[in-house]
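Next come the chains, spelled out residue by residue.
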Amino acid sequence: RVRAILERYVPWATPAMLDAADLHDVMEDTGIELPMLRELYGTETAHLVDGLSNPPKVEGQNRAEKKQSDADRLKTKCRKVKTIKLADKYDNLTDMIVTDPKFAPVYVAEARFLLDYSLKGGDEILWAMVDRVIAAYYAENPQHLPKMA
């Protein structure tokens, strides 16, 4: 689905970006490592997938610390990686809000942080799409708006 979002909304998406969209979770979800990806899909696709892959959680690290670490890492990535991540975030948000309404408040708040902190510089259309999904969620669920400190 991430690939389809890129194909529809990002006319400048390269073949490597489209392949990386298909493979975006492969390093986290399987035993496939970077050298194998490079051999099978080429250097650029492997580089993009590596940029999208979150390192494993450090022992003792809580969810907020892990999300901050992932956001810090993603902030340094190139426009192509950020754009694929935006497509993934759009797909996950639209699904999560419907299929897991109990977890949605946490996921939407994390998405808002990631969007503002790490994903500027990605495709502007996808950024705006994710922003609109988050805004619509909070408009329909104002009780879940994050509390200001």
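Refer to the structure above for everything that follows.
Just so it is clear, the model here is predicted, and its values are computed rather than measured.

Caption draft 1: Representation of the environment of Asn-92. With respect to the element layout, Asn-92 can be found in helix 7 (residues 79-99). With a relative accessible area of 25%, Asn-92 lands in the partly exposed category.

Caption draft 2: The side chain of Ser-53, seen in detail. By the secondary structure assignment, Ser-53 is in the loop between helix 5 (43-52) and helix 6 (63-75). Looking at Ser-53, the relative accessible area reads 9%, which means it is buried. At a separation of 2.8 Å, a polar atom in the side chain of Ser-53 contacts the main-chain carbonyl oxygen of Val-49. Those residues in contact with Ser-53, other than ones at most four positions away along the chain, are His-24, Met-27, Glu-28 and Arg-73.

Caption draft 3: Expanded view of the packing of helix 1 (residues 2-9) against helix 7. One way to put it is that helix 1 packs onto helix 7 with a least axis distance of 9 Å and a crossing angle of 115 degrees. Classed by the angle they form, the pair helix 1 and helix 7 counts as roughly perpendicular. In the packing of helix 1 onto helix 7, the handedness of the crossing is right-handed. Residue-level contacts link Val-2, Ile-5 and Leu-6 of helix 1 to Thr-83, Ile-84, Ala-87, Asp-88, Tyr-90 and Asp-91 of helix 7. Of the residues assigned to the contact of helix 1 with helix 7, the class counts are six nonpolar, one polar and two charged.

Calculation notes
Residues numbered from 1 in each chain as written. Predicted model: local features only at pLDDT ≥ 70, side-chain atom pairs only at ≥ 80, totals over all residues. Heavy atoms only, no water. Helix = DSSP H or I, 4+ residues; strand = E, 2+ residues; numbered from the N terminus. Buried < 20%, exposed > 50% of the residue type's maximum accessible area, 1.4 Å probe, protein only. Polar contact = N/O pair within 3.5 Å; in protein donor to acceptor, adjacent residues only side chain to side chain. Contact = heavy atoms within 4.5 Å. Axes fitted to C-alpha atoms, helices over the stretch in contact; angles between N-to-C directions. Parallel < 35°, antiparallel > 145°, perpendicular 65-115°, else oblique. Left-handed = near helix turned anticlockwise from the far one by under 90°. Nonpolar A, V, L, I, M, F, W, Y, C, P; charged D, E, K, R; others polar.

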